[in-house]
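Read off the chains here:
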There are 2 protein chains.
Amino acid sequence: MSFYVRTQIMQFNEALPLVSGLSLPAYELAYETYGELNASKSNAIVICHALNASHHVAGQYQGQDNSLGWWDNMIGPGKPVDTNRFFVIGVNNLGSCFGSTGPMQINPETQKPYGADFPVITVEDWVQAQERLVTRLGIENVLAVMGGSLGGMQVLAWSMLYPKRVGHAVVIASAPNLTAENIAFNEVARRAIVTDPDFYGGHYYQHGVIPKRGLRIARMIGHITYLSDDVMNTRFGRQLRRAAHAISSSTQEAQHYLYSTMEVEFQIESYLRHQGDKFAEYFDANTYLLITRALDYFDPAKAFGGHLSQAMANIEAKFLIISFTTDWRFSPSRSQEIVKALLDNHRQVSYVNIDAPHGHDAFLLDDPQYLSVVRSYFKHL
Amino acid sequence: MSFYVRTQIMQFNEALPLVSGLSLPAYELAYETYGELNASKSNAIVICHALNASHHVAGQYQGQDNSLGWWDNMIGPGKPVDTNRFFVIGVNNLGSCFGSTGPMQINPETQKPYGADFPVITVEDWVQAQERLVTRLGIENVLAVMGGSLGGMQVLAWSMLYPKRVGHAVVIASAPNLTAENIAFNEVARRAIVTDPDFYGGHYYQHGVIPKRGLRIARMIGHITYLSDDVMNTRFGRQLRRAAHAISSSTQEAQHYLYSTMEVEFQIESYLRHQGDKFAEYFDANTYLLITRALDYFDPAKAFGGHLSQAMANIEAKFLIISFTTDWRFSPSRSQEIVKALLDNHRQVSYVNIDAPHGHDAFLLDDPQYLSVVRSYFKHL
């Protein structure tokens, strides 16, 4: 049981110019806040979310069990990011399917859902939208911006786009851009969605269907990359599903293979199918395309001939950067590239590489060492 | 240009009992041989193929350009496995789509293609079928059995099932079983195929369609796991397709993003889509399910409570084991498990971990150090 929260919506009627050259005429942002803004408006912390998360960062909704925010272990009264001291803002990104304007909403120009016509959104576009919301809340400078994975990329963008307005940047399990392998996994996931016959070129809403087959495959691929090889072996190994569910009397037989190509044989298969099924029930396919593309496109060094140090030359924020030893999606060496670019610019940066077995997922989990590092950093803000 | 070869077919009319408990009533095996069997029939080498390969190991077909065998760099006159000295046999595995009896062939019981009714085949079943073919060729003892990846698993099975008949076992880029992550990738690929509406429960032949969408996705996933992160970054990195194809005058503009979620933007995407398209043209979906399942099921230690050393106690062959430093599909530590189990049994084993950048694919490539290790080993046979 956590504290109760509720989602708010902020309406924006001035167009948002996008990096692509297009613009979004009018839009809404869903957001939540936790804690109280102090009189000097100097205790605001913006939380940026990753691929499948939302503005619902902490707390829970009254009357809804199982509605805990995705970073409730990190943010709340007495938590590492202590809402007794800080005013924390969670914003849902544009293009999402969780409340902010996205492909499922009505396109004012056509009076039909945007679908595949929703403009491509970049990390910088998200940050610009977040900045407008923060400004509308009367906040000039944010004490910190914080995020993991794709959220960490938004933190980097904040620190480069609004260098004088960000006090601290907390970048967790992130990277300065995607590798070819990262892009490759995103591309396979997108192809699974786009080639699903129920996708209809992104206009499936009008056909009353959902490309669930593609979404399931996309999520299964994603899940493999979130976990470490080690944690998969520890949690699942080669255990058979029948054996895992067997009552003691039938254990012997349950150790035998079923010899089937289509049925679930191993526990890891059961787990992945379950994750895929769950995801396909709540996530929008067009949003998946948009968000993975935002990941692909993020590359602040690109405009500087690949020199990250030059891209970061104007940064003024102080940094806390955290990576996890077994994260092979955004490996520690990617965080270390950011550390190096900041040091090249004589910026103040604290870096911790947490020895955790859970792979990329670790940034969402209850690793005591990890949580205590964040607690310690925020204690002195 | 290599030497000319032709495929032969051997018919078997005695039923093959399968590990699953089922049996295959009658079947054919496609095979090729290179070099001459000597008078004492003591120079035979069996090559076991991996997932998407076949009995066409070396040489080429007369009148067919681009028909080089998949291991032509390894096997042939004067090659590391020298067909001037050895009689080399390539056998297509049961369940394949390249000539041996498989799901595309007619099921004698129904007079329709087997399709999804083709029985599940294990690595041990393949080896039993290979042994029958070798015996029919009049060969009692094989000088060596050799294979990479899934082929290496067959070599392990040969050495355990026919311990007195295998002189040398050459196991390259292989593993004593799949990890949970390996199974997970296989499962996603299978789900992509099985949930393709053109799959029809595995009986798509009768509907005149092919589940190409699923096959493409399966191959794209596979390809990512065959390459190392490093080699992907070196070959593709974040290069844009337009930039790669641009003529010099338009290079500047070609460096800009297209801002599209569905078009090819990066070179790695173009490469993967091409690989997927090619594969879907020639590979059978039911075969893909069967072969990935054979990989999943292989686990000789299973019958010995997980003790690989016990499973290998009866082995008499001498071993050459090769792994590649950047292979994350079957990492060097997996080869080292085999080495340890052999040493536990006081077997003679040579082990080389080749420092190659190419990942799992390295076992098919022209790495000079790798080829010279094999050459050196076979020189003294």
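No experiment lies behind these values; they were computed from the predicted model shown. (Residues numbered from 1 in each chain as written. Chains lettered and ligands numbered in written order. Predicted model: local features only at pLDDT ≥ 70, side-chain atom pairs only at ≥ 80, totals over all residues. Heavy atoms only, no water.)

**Student:** Honestly, the relation of the copies chain A and chain B in this entry has me stumped. Any pointers?
**Tutor:** Rotating chain A by 180 degrees and translating it 0.0 Å along the rotation axis places it on chain B, where the RMSD comes to 0.0 Å. Taken together, the turn and the small shift mark the pair as related by a two-fold rotation axis. Take the interface residues of chain A: 100% of them recur as interface residues in chain B, which is what a same-surface contact looks like. (Least-squares fit on C-alpha atoms with pLDDT ≥ 70 in both. Contact = heavy atoms within 4.5 Å.)

**Student:** Would you mind going over helix α12 (residues 368-379) of chain B with me for this structure?
**Tutor:** All names here are of chain B. Over its twelve residues, α12 extends 16 Å from the first C-alpha to the last, a length consistent with the 16 Å expected when each residue adds 1.5 Å. If you check which residues of α12 are buried, you get Tyr370, Leu371, Val373, Val374, Tyr377 and Phe378. Buried positions in α12, seen along its axis, are confined to an arc of 155 degrees and lie on one side of it. Residues of α12 that are exposed and point more than 90 degrees away from the buried face comprise Pro368 and Lys379. In the core, the buried residues of α12 are packed alongside β5 (44-48), β7 (81-82), β11 (142-148), β12 (166-172), β13 (318-324) and β14 (349-354). Here α12 starts with a cap whose side-chain oxygen sits 3.1 Å from the backbone nitrogen of Gln369, and that cap is Asp367. (Helix = DSSP H or I, 4+ residues; strand = E, 2+ residues; numbered from the N terminus. Expected span 1.5 Å × (residues − 1). Buried < 20%, exposed > 50% of the residue type's maximum accessible area, 1.4 Å probe, protein only. Arc of directions from axis to C-beta. Polar contact = N/O pair within 3.5 Å; in protein donor to acceptor, adjacent residues only side chain to side chain.)

**Student:** Just checking my understanding: could you explain the interface of chain A and chain B for this structure?
**Tutor:** A common way to report how large an interface is uses the accessible area buried once the components associate. Taken together, the contact between chain A and chain B spans 60 residues of the former and 60 residues of the latter. It is A:Arg238, A:Tyr259 and A:Tyr297 that lose the most area in chain A upon contact with chain B, and together they represent 14% of the buried surface on that side. Counting the contacts that link chain A with chain B gives eight salt bridges. Put simply, A:Arg190 and B:Glu269 hold a salt bridge, and the shortest N to O gap is 2.8 Å. If you look at where chain A meets chain B, you find 30 residue pairs in polar contact (both at pLDDT 80 or more). Secondary-structure elements contributing two or more residues to the side of chain A that touches chain B are α3 (180-194), α4 (212-226), α5 (229-235), α8 (267-282) and α9 (285-297) of chain A. If you tally residues by element for the side of chain A that touches chain B, the top one is α3(A), at eleven residues. Class assignment of the residues belonging to the side of chain A that touches chain B gives a composition of 33 nonpolar, twelve polar and 15 charged. (Buried area = accessible area lost by both parts, 1.4 Å probe. Salt bridge = Lys/Arg side-chain N within 4 Å of Asp/Glu carboxyl O. Nonpolar A, V, L, I, M, F, W, Y, C, P; charged D, E, K, R; others polar.)

**Student:** Please explain the sheet that holds strand β14 (residues 349-354) of chain A as it appears in this structure.
**Tutor:** Backbone-to-backbone hydrogen bonds join strands into a sheet, with any given pair of strands oriented parallel or antiparallel. All names here are of chain A. In space, the eight strands of this open sheet follow the order β1-β4-β8-β5-β11-β12-β13-β14, with mixed pairing throughout. In this open sheet, the two edge strands, each paired with only one partner strand, are β1 (8-12) and β14. Taking each pair of neighbouring strands and ignoring which way they run, the sheet shows an average axis angle of 20 degrees. Both strand β4 (residues 27-34) and strand β8 (residues 87-91) contribute to a ladder of four bridges, which runs antiparallel. Paired with Tyr34 across the bridge in β8 is Val88. (Pairing = 2+ DSSP bridges. Axes fitted to C-alpha atoms, helices over the stretch in contact; angles between N-to-C directions.)

**Student:** Would you take a moment to explain the packing of α4(A) against α8(A) for this structure?
**Tutor:** Between two packed helices, both the angle of their axes relative to each other and the distance between the axes serve to describe the pair. Residue and element names in this part refer to chain A. Closest axis-to-axis distance for the α4/α8 pair is 8 Å, and the angle between their directions is 125 degrees. Of the possible angle classes, the one that applies to α4 and α8 is oblique. Helix-helix and strand crossings are classified by hand; for α4 and α8 the assignment is right-handed. Along the contact surface, α4 presents Lys212, Leu215, Arg216, Arg219, Met220, His223 and Ile224, while α8 presents Tyr271, Leu272, Arg273, Gln275, Gly276, Asp277, Phe279, Ala280, Glu281 and Tyr282. Looking at the contact of α4 with α8, its residues break down into eight nonpolar, three polar and six charged. (Parallel < 35°, antiparallel > 145°, perpendicular 65-115°, else oblique. Left-handed = near helix turned anticlockwise from the far one by under 90°.)

**Student:** Hey, could you run me through unusual backbone geometry in this one?
**Tutor:** Glycine aside, a negative phi is what most residues show, and trans is what most peptide bonds show. Residues and elements named next belong to chain B. For Tyr259, which is not glycine, the phi torsion reads 55 degrees and is therefore positive. Tracing the sequence through the fold places Tyr259 in the loop between α7 (251-254) and α8 (267-282). On the basis of relative accessibility, which here comes to 22%, the residue Tyr259 falls in the partly exposed class. Despite not being glycine, His346 has its phi angle at roughly 60 degrees, a positive value.

**Student:** Honestly, the pattern of salt bridges in this entry has me stumped. Any pointers?
**Tutor:** Between side chains of opposite charge, a pair can form when the charged atoms approach closely. Scanning all chains against the criterion turns up 34 salt bridges over all chains. B:Lys164 is the partner of B:Glu316 in a salt bridge, and the nearest nitrogen-oxygen pair spans 2.5 Å. Here B:Glu316, found in the loop between α10 (308-311) and β13, pairs with B:Lys164, found in the loop between α2 (150-161) and β12; they are 152 residues apart in sequence, far enough to count as distant. Here B:Lys164 falls in the exposed class, since its relative accessible area comes to 62%. Between B:Asp344 and B:Lys340 there is a salt bridge; the shortest N-O distance is 2.9 Å. On the criterion of helical spacing, the pair formed by B:Asp344 and B:Lys340 is a turn pair, its members being four residues apart in helix α11 (residues 332-344). Given the relative accessible area of 35%, B:Asp344 is considered partly exposed. Taken together, the salt bridges that share partners define one network made up of A:Glu187, A:Arg190, A:Arg293, A:Asp296, B:Glu269 and B:Arg273.

**Student:** Looking at this structure, how should I read the pairing of β14(A)?
**Tutor:** Working note: regular strand, side chains alternate between the two faces of the sheet. Residues and elements named next belong to chain A. Across six bridges, strand β13 (residues 318-324) lies against β14 in parallel orientation. Residue Leu320 lies in a different strand from β14, and its bridge partner there is Ser350. You can see the chain leave β13, run along helix α11 (residues 332-344) and come back into β14, and the turn it takes is right-handed. (Right-handed = clockwise from strand over helix to strand, strands pointing away.)

**Student:** Please clarify how the environment of B:Leu364 should be interpreted in this entry.
**Tutor:** Residue and element names in this part refer to chain B. By secondary structure assignment, the location of Leu364 is in the loop between β14 and α12. Residues Leu364 and Met74, spaced 290 residues apart in sequence, show a C-alpha to C-alpha distance of 8.5 Å. Apart from the residues lying within four places of it in its own chain, the contact partners of Leu364 are Trp70 and Asn73.

**Student:** How should the environment of B:Phe118 be read in this particular structure?
**Tutor:** Looking at the element boundaries, B:Phe118 is found in the loop between β10 (112-113) and α1 (123-136). Sequence-wise, B:Phe118 and B:Gln275 are 157 residues apart; in three dimensions their C-alpha atoms are separated by 27 Å.

**Student:** I keep staring at the side chain of B:Thr83 and nothing clicks. Help me out?
**Tutor:** Residue and element names in this part refer to chain B. Tracing the backbone through its elements, the reader meets Thr83 in the loop between β7 and β8 (87-91). What makes Thr83 buried here is its relative accessible area of 9%. Those residues in contact with Thr83 that sit more than four places away from it in its chain are Tyr34, Gly35, Glu36, Ile75, Gly76, Pro77 and Val88.

**Student:** Looking at this structure, how should I read the side chain of B:Thr179?
**Tutor:** Turning to its location among the elements, B:Thr179 is positioned in the loop between β12 and α3 (180-194). Apart from the residues within four sequence positions on either side, B:Thr179 is in contact with A:Asp229, A:Asn233 and B:Arg334.

**Student:** I would appreciate a short explanation of the confidence of the model for chain A in the present structure.
**Tutor:** Parts of the model with low pLDDT should not have their predicted coordinates read in detail. The pLDDT averaged across chain A works out to 96; a share of 98% of its residues lies at or above 70. Interface predicted TM-score (ipTM) for the complex: 0.95; the corresponding pTM is 0.96. (pLDDT = per-residue confidence, 0-100.)

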